[in-house]
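The chain contents come next:
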Amino acid sequence: MGPLKGIKVLEIAGIGPGPFAGMMLADMGADVIRVERPKGGMFGDNPKLDILNRGKRCIGVDLKTPEGVATVLKLAESCDAMFEGFRPGVVEKLGIGPEQVMALNPGLVYGRMTGWGQDGPLAHASGHDINYISITGALHAIGNRGEKPVVPLNLVGDFGGGGLMLAFGMVCAILEAKISGKGQVVDAAMVDGAAALMASVYGAQQSGFWSEERGTNMLDSGAHFYDTYETSDGKYICVGAFEPQFYAELLNLIGLEEKELPHQMDMGQWPDMKDRFTAVFKTKTRDEWCEILDGTDACFSPVLPMSEAYSHPHNVARGTFVEREGVMQPRPVPRFSRTDSEIQRPAARVGEHTDEILSEAGFSANDIAKLKEQKAIK
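Definitions and cut-offs
- Going along each chain's sequence as written, the residues are numbered from 1 onward.
- The predicted nature of this model means local features are confined to residues of pLDDT at least 70 and side-chain atom pairs, given and counted, to a pLDDT of 80 or more, with totals for whole chains, interfaces and linings taken over all residues.
- Hydrogen atoms and water are omitted, and side-chain values are computed over all heavy atoms in the structure.
- Going along the chain from the N terminus, every DSSP run of H or I of four or more residues is numbered as a helix, and every run of E of two or more is numbered as a strand.
- By definition, residues are in contact when any of their heavy atoms lie within 4.5 Å.
- Accessibility throughout is a Shrake-Rupley quantity obtained with a 1.4 Å probe, and a residue counts as covered only by protein chains that appear here.
- With a 1 Å grid spanning the protein atoms alone, the term cavity applies to any set of points in which a 1.4 Å probe fits but cannot get out, the term pocket to an open set with protein on both sides within 12 Å along at least five of seven lines, and the term lining residue to any residue with an atom within 4 Å of a point.
- Grid points are joined across faces, edges and corners, and a volume is the space filled by probe spheres set on the points.
- Under the scheme applied here, ten amino acids are nonpolar (Ala, Val, Leu, Ile, Met, Phe, Trp, Tyr, Cys and Pro), four are charged (Asp, Glu, Lys and Arg), and all others, including Gly, are polar.
- Under this scheme, a helix contributes an axis fitted over its contacting stretch, all axes are lines through C-alpha atoms, and angles between N-to-C directions fall in the 0 to 180 degree range.
- For classification purposes, an angle smaller than 35 degrees is called roughly parallel, one larger than 145 roughly antiparallel, one from 65 to 115 roughly perpendicular, and anything else oblique.
- Only when DSSP finds a minimum of two bridges between them are two strands counted as paired.
- Patch rule: a residue counts if its relative accessible area is over 30% and it has no salt bridge; like charges are joined within 9 Å, and nonpolar side chains (Val, Leu, Ile, Met, Phe, Trp, Tyr) within 5 Å.
- One speaks of a salt bridge when a side-chain nitrogen belonging to Lys or Arg is within 4 Å of a carboxyl oxygen belonging to Asp or Glu.
- Charge convention: Lys and Arg are scored as positive, Asp and Glu as negative, and His as well as the terminal groups of each chain are ignored.
- Here the site of a charge means atom NZ of a Lys, CZ of an Arg, CG of an Asp or CD of a Glu.
- The buried label applies to any residue whose accessible area, calculated with a 1.4 Å probe on protein chains only, is under 20% of its type's maximum; exposed applies above 50%, and partly exposed to all values in between.
- Looking down the strands as they point away from the viewer, one classifies a crossover as right-handed if the path from the first strand across the helix to the second runs clockwise.
- The bend reported for a residue corresponds to the angle between axes fitted to the seven residues ending at that residue and the seven starting there.
- Crossings are sorted by hand: turned counterclockwise from the far helix by less than a right angle, the near helix makes the crossing left-handed, and turned clockwise it makes it right-handed.
- Criterion for a disulfide: a pair of cysteine sulfur atoms at a distance within 2.5 Å.

A. Here's a closer look at the overall build of the protein. Along the protein, the regular secondary structure elements total 16 helices and 11 strands. Along the first, second and third principal axes, the C-alpha set of the protein runs to 85 × 45 × 40 Å. Sequence separation of at least 24 residues holds for 66% of the intrachain contacts in the protein that already meet a minimum separation of 6. Looking at the protein as shown, the accessible area adds up to about 19100 Å², and 55% of this sits on carbon and sulfur atoms.

Rendered as structure tokens:
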């Protein structure tokens, strides 16, 4: 059932990194209750496709009503943690901010997910992943030589620097609260998280090893042995053979004589070597290169679209992707030897568990019926 079985978390529904953090906690066995607007939800009649909300129960609450606010405060009294993803000050105005909630439950951990953080000159400004990673140096560093920065989906800010950091921070605070008996606020900002993900690159830049000229470094497509290449059928492969022994293996398997080539780390020769690699990889199809290079020490792999990733033999063998009620999705991670994580249920429709959740919190049938009449819940 997962290592967080027995932990109850209240999630005030949002988009992107907040739901991702909630998914991670639910996958680990936590009872995550998603508080959604009565008319919320992104996938309409097919909520199962909302993978970020898998494993959670859902209650529909109108937080613009006093009764809805009182309902959330009552639910928070029996929770170990709660988190939200609004701009600073919004939940305080609604009446469910950290001070208001923790006055009722001093041991509660309160997570806050924002882009810019709870303070600083940009704290109240609008923004998205691309903005948060831009001021940390991450966006500037990603791209090919002589070209503009490449947008890395919203993986660096929203999910890696945001949702994952929030989930990690909340688990840390929950562990501490079990010892101290006191809750605390977890301020998870995507800008901070993106900066943390860049830690090793910042060290390399200050040592002189890393150039700020995009696409000229060993790990940013500057090196011929760490890049993607097109194959004869218009598909792509990638290589990442920066260790000398792996580089030697790669050269041997693709038919190049190492003794006739410049030294691997002669950076001045990297552009010419990239041209040679480009010509070589264009001589065969992606699958033909897979037959030659798969499973070797050449640090090779095909560049797969999502539709093909499901069926790659390694992913199949490890069960990296699973199907639940017709929806293919990544399995919960990481894996545990004794209390392994699992998908508890598909994403719920808005209000699917309202009666169940409120009954558990001590609301009577009459209380629930009255709240529905007041349109405070769904």
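B. Up close: empty space enclosed by the protein. A full pass over the atoms with the stated rule returns one cavity of 30 Å³ or more. Roughly 40 Å³ of internal volume is contained in the largest cavity. Contributing to the lining of the largest cavity are Lys 48, Ile 51, Arg 54, Arg 324, Val 327, Gln 329, Ile 343, Pro 346 and Ala 347. Counted by class, the lining of the largest cavity contains five nonpolar, one polar and three charged residues.

C. Quick peek at the packing of helix α7 (residues 155-180) against helix α8 (residues 190-197). Where α7 meets α8, the axes come as close as 8 Å, and the angle between the chain directions of the two elements is 100 degrees. Relative to α8, the element α7 is oriented roughly perpendicular. Along the contact surface, α7 presents Val 156, Gly 157, Asp 158, Gly 160, Gly 161, Gly 162 and Met 165, while α8 presents Met 190, Gly 193, Ala 194, Ala 196 and Leu 197. For the contact of α7 with α8, the residue count by class is six nonpolar, five polar and one charged.

D. Expanded view of the layout of surface pockets. Empty space within the largest pocket amounts to approximately 1300 Å³. The wall of the largest pocket is formed by 50 residues, among which Gly 16, Pro 19, Asp 50, Leu 52 and Phe 159 lie closest to the centre. Among the secondary structure elements, those contributing two or more residues to the lining of the largest pocket are α1 (17-27), β2 (31-36), α3 (90-94), α7, α13 (306-309) and β11 (327-330). Here the element with the most residues in the lining of the largest pocket is α1; it accounts for five residues. Of the residues assigned to the lining of the largest pocket, the class counts are 30 nonpolar, eight polar and 12 charged.

E. A look at the sheet that holds strand β4 (residues 81-84). If you trace the six strands from one edge of the open sheet to the other, you get β3-β2-β1-β4-β5-β6, paired in parallel fashion. Two strands in the sheet have a free side with no partner beyond their single neighbour: β3 (57-60) and β6 (185-189). Strand-to-strand, the axes of this sheet are offset by a mean angle of 20 degrees, without reference to chain direction. Sheet topology note: the strand β5 (residues 109-114)/β6 ladder contains five bridges and is parallel. Across the sheet, residue Gly 111 finds its bridge partner in β6, namely Val 186. Docked against the sheet, α8 engages β5 and β6, running at close to 65 degrees with respect to β6.

F. The sheet that holds strand β7 (residues 226-230), seen in detail. In spatial order, the strands read β7-β8-β9; together these three strands make up an open sheet with antiparallel pairing. Taken across any chain shown, the strands that pair with only one partner, and hence form the sheet edges, are β7 and β9 (300-302). Strand-to-strand twist in this sheet, taken as the mean axis angle between neighbours without regard to direction, amounts to 20 degrees. Relative to strand β8 (residues 236-240), β7 runs antiparallel, the two being bridged by five bridges.

G. Structural context of a negative patch on the surface. On the surface, Glu 230, Asp 233, Glu 288 and Glu 291 cluster together into a patch of negative charge. Among the structural elements, Glu 288 can be located in helix α12 (residues 286-293). Using a relative accessible area of 37% as the deciding quantity, one classes Glu 288 as partly exposed.

H. Layout of the pairing of β2. Within β2, five of the six residues are buried, leaving the element largely enclosed by the surrounding structure. Direction of pairing for strand β1 (residues 8-12) relative to β2: parallel, over a ladder of five bridges. Bridge pairing in β2 links Lys 8 to Asp 31. Running through α1, the crossover from β1 to the neighbouring parallel element β2 is right-handed. Where β2 meets β3, four bridges bridge the pair, whose relative direction is parallel. Looking across to β3, one finds that Ile 33 is bridged to Arg 57.

I. Structural detail: α7. Its axis deflected by about 30 degrees at Met 165, α7 carries its strongest bend there. Where α7 terminates, the next one or two residues include Gly 181, which has phi positive at roughly 80 degrees.

J. Broad picture of the packing of helix α10 (residues 244-254) against helix α11 (residues 270-281). The contact between α10 and α11 brings their axes to 11 Å, and the two run at 45 degrees. One way to sum up the angle between α10 and α11 is to call them oblique. Crossing of α10 against α11: the hand is left-handed. From α10, Tyr 247, Leu 250, Leu 251 and Ile 254 reach across to α11, where they touch Met 273, Phe 277, Val 280 and Phe 281. Tallied by class, residues from the contact of α10 with α11 come to eight nonpolar, no polar and no charged.

K. Up close: the state of the cysteines. If you walk through the whole model with that rule in mind, you get zero disulfides. Here Cys 79 stays free of any disulfide, with the sulfur of Cys 58 as its closest cysteine sulfur at 14 Å. Judged by its relative accessible area of 5%, Cys 79 is buried.

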